[in-house]
Amino acid sequence: MPEGHSVHRIARQFGVNFVGEHPAVSSPQGRFAQGAALLDGRNVLDARAVGKQMFLEFEGDQWLRVHLGIYGAWDFSGEVRIDSSIQIHGQTPGHSRLGQNGENSGPGNHVDRDAEDSVTSIGAPRRTRVRMAETDKESAASESFPPEPVGQVRVRLLTDTVCADLRGPTACEVLTPAEVDAVVQRLGPDPANANTPAERARFVERAGKKKTPIGLVLMDQSVVAGIGNVYRAEMLFRAELNPHTPANTLDRTVLEALWDDWAELLEIGITVGQMITIDGLEGEAYQRALVERDERHWVYKLEGTPCKRCGANIILEEFGARKLYWCPGCQH
DNA sequence: GAACTATGCGGAA
DNA sequence: TCCGCCTAGTTCA
């Protein structure tokens with residue numbers, strides 16, 4: 001479950017590999033057969049992300065709307081051209097996750113990489129498979145193209161050279177332009193699309209009126225789009241804010257700083273492909289942060305461990321039906 | 001192989 | 001407030 005950064009990365013990937021093409025659209029799983037038939041063979045005109053939602057525009061005023069929910073993911077395979085503005089992380093041999101049967105690796109595939117290759121930036125097209133979900137992974141290309149659908153593939157978009165498979169989305173539907181507008185209207189501003197004073201003010205206005213705790217307001221997609229449970233917890237820590245503080249009691253400058261921080265974290269997330277929420281990591285520490293979640297966060301999933309800043313025990317609390325991690329020593 | 005977990009959210013109650 | 005969706009990874013036995 002990808003927070004906003006993943007969805008923007010995916011939209012860029014579609015921009016590079018599918019915009020201008022006329023992909024065959026199908027639903028190997030069958031659950032999206034009708035929608036797929038509406039889009040099949042049409043020219044793809046645009047790929048956009050707003051918060052956690054992605055919109056693909058097809059000719060003839062047909063829009064595909066996809067929301068990945070908690071476990072949705074796109075897999076790209078074939079001659080995947082990586083957008084030069086983003087990086088893709090491979091896996092370092094010896095890392096614990098490498099030994100398992102990677103879900104991207106079809107039968108007979110190997111992950112065979114240099115030790116130095118934990119971060120790869122790829123400009124030229126080449127046969128590869130790239131999973132774009134909460135954590136991107138690259139693995140060896142399968143022998144045949146297009147690959148046999150693995151698991152429950154809701155939608156497959158296929159050109160002569162590239163294949164994109166969607167699994168487990170919470171929403172996948174074809175909309176009219178008016179319906180797309182309605183969805184976007186309900187969403188708050190997304191700094192990855194427009195980090196402007198006006199958009200920041202829109203966030204401050206909406207958030208500043210809420211009596212609800214700031215810890216809930218940051219997750220409210222109609223207030224600000226794209227923040228999920230990880231960024232929520234980390235942003236509150238970085239702002240040294242108690243999650244229970246009613247949003248309308250916060251100084252305007254505090255809300256502005258939250259917006260600015262979100263814009264910064266989101267940009268890092270889009271570029272790097274990981275939610276790096278600790279600033280100033282360099283060298284080996286940064287490399288570790290790319291592969292070890294505990295090394296890149298202050299509080300998320302770190303309950304019971306000492307705060308990296310003050311040493312107090314990180315708390316886990318059920319909050320709005322989600323898990324909230326925070327430091328009682330730092331956040332007041 | 002079972003059980004549990006997840007970066008989300010809509011709808012029923 | 002709780003349930004269900006729906007998939008895959010991880011942990012435990």
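Residues numbered from 1 in each chain as written. Chains lettered and ligands numbered in written order. Predicted model: local features only at pLDDT ≥ 70, side-chain atom pairs only at ≥ 80, totals over all residues. Heavy atoms only, no water.

**Regarding the sheet that holds strand S4 (residues 62–67)**
Here we have 4 strands laid out as an open sheet, ordered S2-S3-S4-S12, and antiparallel in their pairing. With partners counted over all chains shown, the strands left at the sheet margins are strand S2 (44–50) and strand S12 (171–175), one partner each. Sheet twist, expressed as the mean angle between neighbouring strand axes with direction ignored, is 15 degrees. Relative to strand S3 (residues 53–58), S2 is paired through 6 bridges, and the arrangement is antiparallel. What sits directly across from Val-44, in S3, is Phe-58. Across the sheet, helix H1 (residues 4–17) touches S2 and S3, and the angle it forms with S2 is around 170 degrees. (Pairing = 2+ DSSP bridges. Helix = DSSP H or I, 4+ residues; strand = E, 2+ residues; numbered from the N terminus. Axes fitted to C-alpha atoms, helices over the stretch in contact; angles between N-to-C directions. Contact = heavy atoms within 4.5 Å.)

**Description of the packing of aromatic side chains**
On inspection of all chains with the given rule, the structure shows 8 aromatic pairs. Pairing Tyr-231 with Trp-262 gives two aromatic rings, centres 5.0 Å apart and planes at 65 degrees, and the pair type is edge-to-face. Residue Tyr-231 is located in helix H6 (residues 229–238), and its partner Trp-262 is located in helix H7 (residues 252–272); the two are separated by 31 residues in the primary sequence. Residue Tyr-231 shares its accessibility class with Trp-262, and that shared class is buried. Relative to Tyr-325, the ring of Tyr-300 lies with its centre 5.1 Å away and its plane at 70 degrees, an arrangement referred to as edge-to-face. Within this pair, whereas Tyr-300 is found in the loop between helix H9 (293–296) and strand S13 (315–319), its partner Tyr-325 is found in strand S14 (residues 322–326), the two being separated by 25 residues in sequence. You can call Tyr-325 buried: its relative accessible area is 4%. Members of the aromatic cluster, each reached through a chain of ring pairs, are Phe-14, Phe-18, Trp-74 and Phe-76. Over the aromatic face of Trp-298 sits the side chain of Arg-309, whose NZ or CZ is 5.0 Å from the ring centroid. (Phe/Tyr/Trp six-rings, centres within 6.5 Å; stacked < 30°, edge-to-face > 60°. Buried < 20%, exposed > 50% of the residue type's maximum accessible area, 1.4 Å probe, protein only. Lys NZ or Arg CZ within 6 Å of the ring centre and 35° of its normal.)

**With respect to the side chain of Asp-190**
Along the polypeptide, Asp-190 turns up in the loop between helix H3 (177–185) and helix H4 (197–208). For the buried Asp-190, which has no salt bridge, the nearest side chain bearing the opposite charge is Arg-48, at an N-O separation of 8.9 Å. A polar contact of 2.8 Å, which involves the side chain of Asp-190, links it to the backbone nitrogen of Ala-192. When near neighbours in sequence (up to four residues on either side) are disregarded, Asp-190 contacts His-8, Ala-49, Val-50, Gly-51, Ala-225, Trp-259 and Leu-266. (Lys, Arg positive; Asp, Glu negative; His and termini not counted. Salt bridge = Lys/Arg side-chain N within 4 Å of Asp/Glu carboxyl O. Polar contact = N/O pair within 3.5 Å; in protein donor to acceptor, adjacent residues only side chain to side chain.)

**Remarks on the side chain of Glu-199**
In this structure, Glu-199 sits in helix H4. Setting aside anything within four residues of it in sequence, one finds Glu-199 in contact with Pro-189, Ala-194 and Trp-259.

**Quick look at the packing of H4 against H7**
Running from N to C, H4 and H7 cross one another at 125 degrees; their axes reach a closest spacing of 9 Å. With respect to their mutual orientation, H4 and H7 come out oblique. As H4 packs across H7, the resulting crossing turns out to be right-handed. From H4, Glu-199, Arg-200, Ala-201, Phe-203, Val-204, Glu-205, Ala-207 and Gly-208 reach across to H7, where they touch Arg-252, Leu-255, Glu-256, Leu-258, Trp-259 and Asp-260. For the contact of H4 with H7, a count of residues per class yields 7 nonpolar, 1 polar and 6 charged. (Parallel < 35°, antiparallel > 145°, perpendicular 65-115°, else oblique. Left-handed = near helix turned anticlockwise from the far one by under 90°. Nonpolar A, V, L, I, M, F, W, Y, C, P; charged D, E, K, R; others polar.)

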